[in-house]
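Chain by chain, the residues run as shown.
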Protein chains: 2
Amino acid sequence: MQQLKKIDKVLPEIMICGRSLDIFLDDIERFHGFTSPGLVLGGFMVDWAQELIGLDVEADAVVETCHCLPDAVQIFTPCTIGNGWLKVLDWDKFALTLYDKRKLNGYRIWLDLKKTLLFPKIYNWYMRRVPKKNLSLEALLEEILSARRSVLSCRAVQVTRMYGRKKKGNIEVCSTCGEAYSTSQGDQCITCQGEGYYSI
Amino acid sequence: MQQLKKIDKVLPEIMICGRSLDIFLDDIERFHGFTSPGLVLGGFMVDWAQELIGLDVEADAVVETCHCLPDAVQIFTPCTIGNGWLKVLDWDKFALTLYDKRKLNGYRIWLDLKKTLLFPKIYNWYMRRVPKKNLSLEALLEEILSARRSVLSCRAVQVTRMYGRKKKGNIEVCSTCGEAYSTSQGDQCITCQGEGYYSI
């Protein structure tokens, strides 16, 4: 991504999630393993949501896809899967919401397809209208960095479900394997019921 | 956690996931927001799994709870939710597996309750036998740092499900909201079917 960083020279003023473009791209690569277009676009989404809600508000997050976007929230906000402040919905919608964790009001930001008409590379990438091998990652990333918020829309929302920390179930010892498990699974843990993901 | 770091003086030799204890605890706090006992224990689990599988093997991960443990994998390995190399199962089992992403063989590590008999604070914390307000976080963390692998068990496994990148569904435009969604949800997206998490 050496070439991409040259854009920093052209857009010296750009700040995303409180970072210069260089640091923004470095943070993505270090956590995610590579500079994914979805994550760069996701950075602009988080940036906008943070600006709308205000940095002084303690915000929780919902992301509506498990592809790429959860990492934008995990890199650029305090919300992670493990601390429970980020919920991930496997809906394949390129959208996220940051909301006040007490008042439950916040902002949903999404990739607005109508607005991608002026940015055909973004449209073709997201809607998979062009095979991956024919997509230049470099050109796509440049289009995302040029489009920024102009391919996104936002709306004020009130969160009505999925908020709060997910409570642990009632923890007991599985009578078969002897490991701790949540009794909501029944008399045995899921693995001992034959629904595990491994063989020994 | 200033006091805890004093243990570094007592255990100067300890290295966890390639880090000194100081850096290990700092990395946890920076990503997760606080020094959670589950994440410190999780660091020892990742450390053991990495040693068994070898650092030269490209490993994917499965974690069997959504509480704390996913962050240990995200901090100390290249696997994240967003890049698809980490799968999180909401089973409330304190266990994780690192496995070769091509051959699918690897190691599962879990908190072994039998082995916590010598570490009553760990048992009481995990099994919630003592109310949270009566638990000294400091004392619990000291016990975890003293126990390290001795409360864990490991087993070689072959992963038979849940491996590979989760494929995106067939992406089309929802006829109601106009957003892109996966057609596996039906003729409309889940939100337009009335199953969303927010009101406008």
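Remember, it's a predicted structure, so these values are computed and weren't measured experimentally.

Each value, and the rule that gives it
Residues numbered from 1 in each chain as written. Chains lettered and ligands numbered in written order. Predicted model: local features only at pLDDT ≥ 70, side-chain atom pairs only at ≥ 80, totals over all residues. Helix = DSSP H or I, 4+ residues; strand = E, 2+ residues; numbered from the N terminus. Buried ≥ 20, exposed ≤ 12 C-beta atoms within 10 Å, placed from the backbone. Contact = placed C-beta atoms within 7 Å. Pairing = 2+ DSSP bridges. Domains from an automatic or database assignment. Nonpolar A, V, L, I, M, F, W, Y, C, P; charged D, E, K, R; others polar. Least-squares fit on C-alpha atoms with pLDDT ≥ 70 in both.

### A few points about the overall build of chain A
Assigned secondary structure in chain A consists of seven helices and ten strands. With the C-alpha coordinates of chain A rotated into their principal frame, the extents come out at 65 × 40 × 30 Å. Per-residue burial over chain A gives 42% buried out of 200 residues. The long-range fraction of contacts in chain A, counting pairs at least 24 apart against all pairs at least 6 apart in sequence, stands at 60%.

### Focus: the sheet that holds strand β4 (residues 86-88) of chain A
Two strands in a sheet stick together by hydrogen bonds in their backbones, pointing the same way (parallel) or opposite ways (antiparallel). Here six strands make up an open sheet; going across it, the order is β4(A)-β3(A)-β5(A)-β6(A)-β7(A)-β10(B) and the pairing mixed. Looking at which strands have only one partner, the edges of the open sheet turn out to be β4 of chain A together with β10 (198-199) of chain B. Two elements, strand β6 (residues 105-111) of chain A and strand β7 (residues 152-159) of chain A, share seven bridges in a ladder whose sense is antiparallel. Opposite A:Leu111, over in β7(A), you have A:Leu152 as the bridge partner.

### Focus: the domain arrangement of chain A
The domain boundaries assigned to chain A delineate domain 1 (4-158) and domain 2 (168-200). Computed over C-alpha atoms only, the centres of domain 1 of chain A and domain 2 of chain A are separated by 37 Å.

### Looking at the interface of chain B and chain A
Of the residues lining the interface, 53 residues belong to chain B; the matching set on chain A comes to 53 residues. When contributions to the side of chain B that touches chain A are tallied by element, the ones reaching two or more residues are α2 (21-32), α4 (69-76), β6 (105-111), β7 (152-159), β8 (171-173), β9 (180-182) and β10 of chain B. Across the side of chain B that touches chain A, the residue classes break down as 29 nonpolar, 13 polar and eleven charged. With two bridges joining them, strand β10 (residues 198-199) of chain A and β7(B) adopt antiparallel strand pairing. Looking at the pairing, A:Ser199 lines up with B:Gln158 of β7(B).

### What about α4(B)?
Residues and elements named next belong to chain B. In terms of burial, α4 is a largely internal element, eight of the eight residues being buried. Every buried residue belonging to α4 is among Leu69, Pro70, Asp71, Ala72, Val73, Gln74, Ile75 and Phe76, and all of these are buried. Looking at the packing, one finds that the buried side of α4 touches α2, α3 (37-53), β3 (59-63), β4 (86-88) and β5 (95-100).

### Brief notes about the sheet that holds β10(A)
As summarised here, the arrangement of the six strands in space is β10(A)-β7(B)-β6(B)-β5(B)-β3(B)-β4(B), forming an open sheet in which the pairing is mixed. Of all strands in the sheet, those bounded by a partner on one side alone are β10 of chain A together with β4 of chain B. Here β3(B) pairs with β5(B) via five bridges, running antiparallel. Pairing of B:Asp60 across the sheet is with B:Tyr99, part of β5(B).

### What to know about the relation of the copies chain B and chain A
Screw-axis analysis of chain B against chain A gives a translation of 0.0 Å along the axis, an RMSD of 0.0 Å, and a rotation angle of 180°. A rotation of that kind, with that shift, is consistent with a two-fold axis. Of every C-alpha in chain B, the one belonging to B:Ile81 sits nearest the axis of rotation, 4.1 Å from it. In this assembly, 100% of the residues forming the interface of chain B have copies in chain A that are likewise at the interface, indicating an isologous arrangement.

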